[in-house]
Protein chains: 2
Amino acid sequence: MPQLRLALAQVDPVVGDIATNADMVVTWSRYAAQQGAHVVAFPEMMLTGYPIEDLALRPSFVDASADAMADLAARLNDEGLGELAVIVGFVDRAPTGRPSPEGRHLPHDAAAFCFRGTIVARYAKHHLPNYGVFDEHRYFSAGARLPVVRHLGVDIAMTVCEDLWQDGGPITAARMATSGLVVNINGSPYEQAKADKRLALAQRRAAEAGATLAYVNMVGGQDELVFDGDSFVVNAHGQPLVRAPQFEQGLVLVDVALPAASDDRVGSVDVGDGTLMTIERIDLQTPPVPAYDAAPAGVAPRLSAEAEVYAALVTATRDYVAKNKFRSVVLGLSGGIDSALVATVAVDALGAGAVNTVALPSRWSGDHSLADAAELAHRQGIAHTVVPIADIVDAFEKQLDLHGLAAENLQARVRGTILMALSNEYGHLVLTTGNKSELATGYSTLYGDSAGGFAPIKDVPKSLVWRLATWRNAQAAARGQTPPIPQNSIDKPPSAELRPGQLDSDSLPEYEVLDAILDGYVEDDLSLDALVRAGYDRDTVERVIRLVDGAEYKRRQYPPGPKISSRNFGRDRRLPITNRWRAAGSAAAAPAGPPSGEYARS
Amino acid sequence: MPQLRLALAQVDPVVGDIATNADMVVTWSRYAAQQGAHVVAFPEMMLTGYPIEDLALRPSFVDASADAMADLAARLNDEGLGELAVIVGFVDRAPTGRPSPEGRHLPHDAAAFCFRGTIVARYAKHHLPNYGVFDEHRYFSAGARLPVVRHLGVDIAMTVCEDLWQDGGPITAARMATSGLVVNINGSPYEQAKADKRLALAQRRAAEAGATLAYVNMVGGQDELVFDGDSFVVNAHGQPLVRAPQFEQGLVLVDVALPAASDDRVGSVDVGDGTLMTIERIDLQTPPVPAYDAAPAGVAPRLSAEAEVYAALVTATRDYVAKNKFRSVVLGLSGGIDSALVATVAVDALGAGAVNTVALPSRWSGDHSLADAAELAHRQGIAHTVVPIADIVDAFEKQLDLHGLAAENLQARVRGTILMALSNEYGHLVLTTGNKSELATGYSTLYGDSAGGFAPIKDVPKSLVWRLATWRNAQAAARGQTPPIPQNSIDKPPSAELRPGQLDSDSLPEYEVLDAILDGYVEDDLSLDALVRAGYDRDTVERVIRLVDGAEYKRRQYPPGPKISSRNFGRDRRLPITNRWRAAGSAAAAPAGPPSGEYARS
């Protein structure tokens, strides 16, 4: 059987920066060639970054991508890389594609096969996802052609991301074309435990295609999405041949032995999803590589449940800061667990020198709050200042007669204003420290603790916040380092400290219960009755559902933060603000009250 | 030719409030029957409100809608309305529809034909829009059946909204089935001058269908969308028979003479859009109505360009406040034109008694600012208070050493915090007063002047703000009333008044130029070169494009407000925050600097 050395470039492109991304392709291709690779594959939309959202609708952007792709193919040859086959994701013109409402043809989410200075084959993604965080029917025309490239004695087919996740289509076409190798390029966002699903899926598809399947995914953060890499190759029997570490940029190399190309079937085939695809053949007239001894390849171990989430938060935070050209961040330290975890993530992402923390004590802050905040900053060696807010709050209260929630929220907004002033004065990005349980229930103050540019733990439920903090401390201890988070911040009962003796548990169920109900209601769309059947107290479930339903307006103005769950508050879950549907009971049966009324901790 | 009296119910359903919406159908059906109507049609998604967004993915919601529709058909009969044919939009189960990623079948955006207590026919929308503000491929399974109901001697077909906007499909099927009447039910959002496009389109489709076409649309506001009604009937020659006033709830009545039903074609037909549809027949066995004298019907005049935008703002503001169960609003009055217009819209929407205004003078506010604000409040009879901010700003500055933009933004955030405190204390909704030109260029302070729950003029460019204010004053003068807006607020040069002598023109091009460039770049996706070719100064265009590209992070946290343009900042335009694409020049050529860096008036 012919052999070849395959490289998968698990790299981190930047949305919109086509020139830098093209440079990245050249750099990593050179490295792949130095390692003796015959074929190197880059992720989906490598040249443009992913997802590009409405940039896909801008004709000048599509032209820039398509033109840059042709230039890149020529440049690879000019730089002595013409004999390396380079597969690159990009946005391609689709002159006969589906017209947009303005009458333009929507482009293709495409893969280019570059060899000896030209694009010898172009594949356009067939299955366009339009669910969850994906809106690809808005942006792209679907492809219906499968070019099969004969190279080094092997027939190679290209597919893009979702082509793997749906039945029929190009995988079926690849089997009909008797491809030896299917390269699947991806921009597949991280979710908890997704790596297991991916591998199992790829194993199934490799068997369906009757081919070795190479899966390459990007790493890095892009607004609310974070990509975990997890690139791998499985053979036609589903056996993993190589697998990359998660969240790390790098080149995966593997020697594969593949069936010799022998089939010449072309033309239209029924691919089992209600459509026809056309098989095309491109023969590069390259002889098989003489037999050689395969180098050993390894399967990197998977991260633990906590480690992979933590890595996602660090990666997302690092990339949001760097790609938006900030050099430093600032956040408020309350002494509590949420801000402690965010500070630790920031230090792991950016280094201690780039992280600034501020304690903002009010008249209701406990002594332990200031002490725990200072202790955290001390342990991590980060800048820490104290700005008391009592005099400022007094100045407001001289002008306004405020009570109850209005007075509580005022304190949170004074803190938000101070952090934003420090951002404006010093150029720091403000990190928001709210967690998913707060965001779900609206237990936060708009423009107060919700102010900021990036919210690293907005998709992390409170119970997972504790687990991550405990895990991170244990990691440090295992390495003989001081645990970064003071144990007192982990152990003490959570409080917003906006009135004397306040505890979260005054307003919310215990977090373990709350998070379980939220998981059922938000992520699994369970009804009230289903949650009660699952064993939760009916009154508690009703209360939680009402809080979630009533807090949509707050979530809409929240900063972005990394998705780690199967349904984040963002593109994954899109609900009207004006919405009288109450899953906790009919609108008539529910108590009167604004569905999006108060700007208040509720 | 058989005659019948057709009623179109141009009404305002509430998203998620199925019980109230069902009551509304009964009430308006009774009124239609009293007026002698034989058929009454309600808008798309009448029973659920529109758009319902991810509620469509919640099985309990789809079940509630489908069950309520069956109940409603029975109830109409119980209430003595069984002989009236009632066409109602709702969300229907689609047991064989396209599966969602979770394996559920996506529902139908459907129309029910109710008669004598049952749903005698169900039609499912065939063309699902997935562009602009629409994401219907995310939510619905497309229909492929056209039931034709024979009633009173006439063959009646139903279609839904987008079915009219795309070629082929059910309009073609309706012609093949020789329908006499096509009822098209709509949730079609307002855009400037859209009414003209709609009528021309309907005239073309009526000719294609060879049928009289009845178009019924909802009125009212739903988050960022506002529906203008504009219901009408055109005959097969394209002649308008009746047309409703824009933005007004009401029943449109018209007597139509239609070709006698004679065709019996059923089965699968090629409808010219690459799909097959199935024509089905339902014969209600009702004899034609004996000939009668048709009542006269009128075509309401269209509103002027300014009047229709103004009506959209008033309608959207009224519905957002009412549907979210607020009873009052509060806004800051600067003495400038933006807040003056928003206050006037609020008074026209809610009445003077529900509107509260606050002047928030700083050390840099001119005397005219306080005087103009007070004068506006006086003219409109609205509550007005003055809360000076200088002492509060001083309290912050005692703790923080702020300069330049940081000090300017602080003042705006103190104002935002005061308005939010008043909201919390008194339950007012905060209205945000920013216009589209500011939002486009990022000329606003996050959590400062951008704070609030609803932003009535966020899609109104500054030059249109002036036109609307002038128009509204002229309207008042023409009626012998005091113009609501002080002329000085219209005439004076715009200023943020955050430093001595500051003018908007220090930072931005003149608004007439700015708005023209924004229109080309934002709404028409024109490139830098295209704008220069259109006659604008290259440096100015580059500057404007950079401001727009760099302000995405601010727009993402802005409150909702009504869409009046063909592309609003919201669902219509979705760009990454992290985005190095610069339409004003390549990333390499553009000056270094954060694409989303400062939280500052830039």
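In this text the structure is predicted, and so the values were computed from the model without any measurement.

What follows covers helix α7 (residues 337-350) of chain A. Residues and elements named next belong to chain A. The first and last C-alpha atoms of α7 sit 20 Å apart over 14 residues, in line with the 20 Å expected at 1.5 Å per residue. Residues of α7 that are buried: Ile337, Asp338, Ser339, Ala340, Leu341, Val342, Ala343, Thr344, Val345, Ala346, Val347 and Ala349. Directly beyond the C-terminal end of α7, a positive phi value near 90° is found at Gly351.

Contacts between the two partners involve 97 residues from chain B and, on the opposite side, 97 residues from chain A. Taking both sides of the interface into account, the surface hidden between chain B and chain A amounts to around 8300 Å²; carbon and sulfur atoms contribute 54%. On the chain B side of the contact with chain A, Arg58(B), Arg580(B) and Trp581(B) bury the most area, a combined 10% of that side's loss. For the pair chain B and chain A, the number of links is six salt bridges. Measuring nitrogen to oxygen at the nearest pair gives 3.2 Å for the salt bridge that ties Arg58(B) to Asp525(A). Counting residues per element, the side of chain B that touches chain A draws most heavily on helix α10 (residues 404-426) of chain B, at 15 residues. Considering only residue class, the side of chain B that touches chain A consists of 50 nonpolar, 23 polar and 24 charged.

Right, let's get into the sheet that holds strand β3 (residues 85-92) of chain A. Residue and element names in this part refer to chain A. Taken together, the six strands give an open sheet; going across it, the order is β5-β4-β3-β2-β1-β14, and neighbouring strands pair in mixed fashion. Each end of this open sheet is capped by a strand with a single partner; those strands are β5 (118-124) and β14 (250-257). Averaged over neighbouring strand pairs, the angle between their axes works out to 25° when direction is ignored. In this sheet, strand β4 (residues 108-115) lies alongside β3 in antiparallel orientation, the contact comprising seven bridges. Note on β4: the bridge partner recorded for Gly89 is Ala111. Against the sheet, helix α1 (residues 18-34) touches β1 (3-10), β2 (39-41), β3 and β14, its axis set at about 45° to β14. Running at roughly 165° to β3, helix α2 (residues 59-81) makes contact with β3, β4 and β5 of the sheet.

What follows is about the sheet that holds strand β9 (residues 212-217) of chain B. Residue and element names in this part refer to chain B. Taken in spatial order, the eight strands make up an open sheet running β13-β12-β9-β8-β7-β6-β16-β15, and their pairing is mixed. Of all strands in the sheet, those with a lone pairing partner are β13 (240-243) and β15 (267-270), marking the two edges. Between one strand axis and the next, the sheet turns through 20° on average, direction left out of account. In this structure, strand β12 (residues 232-234) lies alongside β13, joined through three bridges in antiparallel fashion. Across the sheet, residue Val234 finds its bridge partner in β13, namely Pro240. Packing against the sheet, helix α5 (residues 194-209) makes contact with β8 (181-186), β9, β12 and β13, and its axis sits at approximately 40° to β12.

Every α-helix carries 3.6 residues per turn, so stepping three or four residues along brings you back to the same face. Residue and element names in this part refer to chain A. Spanning 16 residues, helix α5 (residues 194-209) covers 22 Å between terminal C-alpha atoms, matching the ideal 22 Å at 1.5 Å per step. Every buried residue of α5 is accounted for by Lys194, Ala195, Arg198, Leu199, Leu201, Ala202, Arg205, Ala206 and Ala209. Looking straight down α5, one finds that the buried residues subtend no more than 165° of arc, so they occupy a single side.

What follows deals with the packing of aromatic side chains. Residues and elements named next belong to chain A. Tallying each qualifying case throughout the model produces 22 aromatic pairs over all chains. On the basis of an interplanar angle of 50° and a centroid distance of 5.4 Å, the ring pair of Tyr310 and Trp471 is categorised as tilted. Of the two residues, Tyr310 is situated in helix α6 (residues 305-323) and Trp471 in helix α12 (residues 462-478); the sequence distance between them amounts to 161 residues. This pair shows no difference in class: Tyr310 is buried, exactly as Trp471 is. Aromatic side chains Tyr320 and Phe454 sit 4.5 Å apart centroid to centroid with 20° between the ring planes, which places their arrangement in the stacked category. Of this pair, Tyr320 sits in helix α6 while Phe454 sits in the loop between α11 (436-441) and α12; the two residues are 134 residues apart in sequence, bridging distant segments of the chain. In this structure, Tyr320 and Phe454 share a single accessibility class: buried. Above the face of the Trp466 ring, Lys462 is positioned so that its terminal group lies 5.5 Å from the ring centre.

This part covers the pairing of strand β9 (residues 212-217) of chain A. Residue and element names in this part refer to chain A. Of all six residues that make up β9, six are buried, and the element is covered over most of its length. Burial along β9 is two-sided: the face carrying Thr212, Ala214 and Val216 and the face carrying Leu213, Tyr215 and Asn217 are both buried. As defined by bridge partners, strand β8 (residues 181-186) adjoins β9 across six bridges and the pair is classed as parallel. From the neighbouring strand, Leu181 faces β9, where its bridge partner is Thr212. Assessed by its sense of winding, the connection that carries the chain from β8 through α5 to β9 is right-handed. Pairing geometry for β9 and strand β12 (residues 232-234), over three bridges, is antiparallel. Bridging across to β12, Ala214 finds its partner in Val233.

We now examine the confidence of the model for chain A. All names here are of chain A. Across chain A, pLDDT averages 94, with 97% of residues at or above 70. Counted against residues more than four places away or in other chains, residues 586-602, with its pLDDT under 50, gives 59 contacts. Interface confidence in the predicted complex, given as ipTM, is 0.95; pTM for the same model is 0.96.

This part takes up unusual backbone geometry. The step from Tyr50(A) to Pro51(A) runs through a cis peptide bond, and the omega angle for that step is -10°. Mapping Pro51(A) onto the fold places it in the loop between β2 and α2. The phi angle at Thr178(B) is positive, at roughly 50°, despite the residue not being glycine. Mapped onto the elements of the fold, Thr178(B) is located in the loop between α4 (170-176) and β8.

What follows concerns the environment of Ala261(A). Residue and element names in this part refer to chain A. If you trace the backbone, Ala261 turns up in the loop between β14 and β15 (267-270). Sequence separation between Ala261 and Thr178 is 83 residues; the distance between their C-alpha atoms is 7.9 Å. Once you skip the residues sitting within four places of it in the chain, Ala261 turns out to touch Arg150, Gly153, Val154 and Asp155.

Further remarks concern the packing of helix α15 (residues 511-523) of chain A against helix α17 (residues 538-550) of chain A. Residue and element names in this part refer to chain A. Running from amino to carboxyl end, α15 crosses α17 at an angle of 65°, the nearest separation of the two axes being 10 Å. α15 and α17 meet at a crossing whose hand is right-handed. When α15 is examined against α17, the residues Val513, Leu514, Ile517, Leu518, Tyr521 and Val522 are found in contact with a partner set consisting of Thr540, Val541, Val544, Ile545, Val548 and Asp549. Taken together, the residues of the contact of α15 with α17 sort by class into 10 nonpolar, one polar and one charged.

Cut-offs and rules
- Residues numbered from 1 in each chain as written.
- Chains lettered and ligands numbered in written order.
- Predicted model: local features only at pLDDT ≥ 70, side-chain atom pairs only at ≥ 80, totals over all residues.
- Heavy atoms only, no water.
- Helix = DSSP H or I, 4+ residues; strand = E, 2+ residues; numbered from the N terminus.
- Expected span 1.5 Å × (residues − 1).
- Buried < 20%, exposed > 50% of the residue type's maximum accessible area, 1.4 Å probe, protein only.
- Contact = heavy atoms within 4.5 Å.
- Buried area = accessible area lost by both parts, 1.4 Å probe.
- Salt bridge = Lys/Arg side-chain N within 4 Å of Asp/Glu carboxyl O.
- Nonpolar A, V, L, I, M, F, W, Y, C, P; charged D, E, K, R; others polar.
- Pairing = 2+ DSSP bridges.
- Axes fitted to C-alpha atoms, helices over the stretch in contact; angles between N-to-C directions.
- Arc of directions from axis to C-beta.
- Phe/Tyr/Trp six-rings, centres within 6.5 Å; stacked < 30°, edge-to-face > 60°.
- Lys NZ or Arg CZ within 6 Å of the ring centre and 35° of its normal.
- Right-handed = clockwise from strand over helix to strand, strands pointing away.
- pLDDT = per-residue confidence, 0-100.
- Left-handed = near helix turned anticlockwise from the far one by under 90°.

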